[in-house]
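# Structural overview for review
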Amino acid sequence: MKTAAHYLLLGAIALLCVFPFWWTLVTALSTEGNIFAYPPTFWPKSPSLANFEEVFRVIPILSFLKNSILIAVFTVFWKLVLCSMAAYPLARMHFRGRKLVFGLILATLVLPSEVNFLVNFITVTKLSLVDTYTGVILPNVVTAVAILLLKQAFEEVPQDLIDAARVDGASEWTIFTRIMLPLIAPWLATVGILTAVEAWNEYIWPSIVMSKPDEFPLSVGVLYLRGTFGSSTRVIAAGTIITILPTLAAFLFTQRYFMRGMDGAVK
């Protein structure tokens, strides 16, 4: 009975999580009926791909898709590089002020990201990075959450292994690149997946920095489906599905790495 109760609870949570996506998919495939009817419709009426075809006709979605891929890939790459280089000394090196530095990094978690928009925009403007991919990527390449996860990952590695490498004459850079990074691969994958999803779904910051429509990421470009004088909810739903599918597919194929990394982070 206890096991059955657990499965019932998990099933209820799964339904709550899946329902918005399923309703959006039904709306995108439907061509008839009231989409806001109550109780809601759980199966498309007169299903068709016409709404998806309309998305490709109205906006240059392939161009937006390319921009999103570039932003996500470079954000993931630089976050893994910089955050791992910040986390390793905090976890394995002893220097004066280490706890203070780590405490200041954690203190940034209490600040919402919107607080930094003004300062980041002024910085990006001064660096002449407005309307560039670099301007979108730069403020997101270092975060306290990523440093915290990777610091915990480095602390999971036995100290004896590091001491043995030092006795053999390995430099700190060799230990970091040849020993530590391969051992924390699941945690790196976890941070990479979280970063990719965050960068893919980012809307406010790219819409502030970018003003040229041909450089918009997909999350911002889909906004053009609203139209000036009217919009079709079904077409917007189709565009939303196209935006969601890449991240959903990426997570499904990499979830085992994600779960291994999160398990280590919890420990």
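It should be noted that the structure appears before, not after, this text.
Worth saying up front: this structure is predicted, and the values here are computed from it rather than measured.

## So, helix H1 (residues 2-29)
- Under the 1.5 Å per step criterion, the end-to-end length of H1 is 39 Å for 28 residues, consistent within 8% with the ideal 40 Å.
- A bend of about 40° at Val 18 is the largest found in H1, and the proline Pro 20 appears one to four places after it.
- Among the residues making up H1, those that are buried are Thr 24, Leu 25, Val 26, Thr 27 and Ala 28.

## Notes on unusual backbone geometry
- In this structure, Ser 128 takes a positive phi of about 60° despite not being glycine.
- You can see Ser 128 is positioned in the loop between helix H5 (117-126) and helix H6 (133-137).
- For Ser 128, a relative accessible area of 62% puts it in the exposed group.
- Phi is positive for Asp 131, close to 65°, though the residue is something other than glycine.
- Following the sequence through the fold, Asp 131 ends up in the loop between H5 and H6.

## A few points about the pattern of salt bridges
- One pass over the structure, following the stated rule, counts four salt bridges.
- Glu 54 is the salt-bridge partner of Arg 57, the closest N and O atoms lying 2.4 Å from each other. Of this pair, Arg 57 and Glu 54 both sit in helix H2 (residues 50-58), three residues apart, roughly one helical turn.
- When its relative accessible area of 61% is taken as the criterion, Arg 57 is described as exposed.
- Across the pair Lys 79 and Glu 198 runs a salt bridge, and its minimum N-O distance is 4.0 Å. In this pair, Lys 79 sits in helix H3 (residues 61-92) while Glu 198 sits in helix H10 (residues 185-201), placing the two residues 119 residues apart along the sequence.

## Regarding the packing of helix H9 (residues 172-183) against H10
- Packing of H9 against H10 leaves a shortest axis separation of 5 Å and a crossing angle of 70°. Relative to H10, H9 is oriented roughly perpendicular. Residues Leu 181, Pro 182 and Leu 183 of H9 form the contact with H10, whose own contacting residues are Ala 185, Pro 186, Trp 187 and Leu 188.

## Structural notes on the packing of aromatic side chains
- As enumerated under the stated definition, the model contains seven aromatic pairs in all.
- Ring plane angle 75° and centroid distance 5.5 Å describe the contact between Tyr 88 and Phe 154, whose orientation is recorded as edge-to-face. One end of the pair, Tyr 88, is in helix H3; the other, Phe 154, is in helix H7 (residues 144-156), with 66 residues separating them in the sequence. For the pair shown, Tyr 88 and Phe 154 are each scored as buried.
- Taken together, the ring pairs connect Tyr 88, Phe 154, Trp 173 and Phe 176 into an aromatic cluster.

Reading the values: the criteria
- Residues numbered from 1 in each chain as written.
- Predicted model: local features only at pLDDT ≥ 70, side-chain atom pairs only at ≥ 80, totals over all residues.
- Heavy atoms only, no water.
- Helix = DSSP H or I, 4+ residues; strand = E, 2+ residues; numbered from the N terminus.
- Expected span 1.5 Å × (residues − 1).
- Bend = angle between axes of the 7 residues up to and from the residue.
- Buried < 20%, exposed > 50% of the residue type's maximum accessible area, 1.4 Å probe, protein only.
- Salt bridge = Lys/Arg side-chain N within 4 Å of Asp/Glu carboxyl O.
- Axes fitted to C-alpha atoms, helices over the stretch in contact; angles between N-to-C directions.
- Parallel < 35°, antiparallel > 145°, perpendicular 65-115°, else oblique.
- Contact = heavy atoms within 4.5 Å.
- Phe/Tyr/Trp six-rings, centres within 6.5 Å; stacked < 30°, edge-to-face > 60°.

That is the geometry; function is a separate question.
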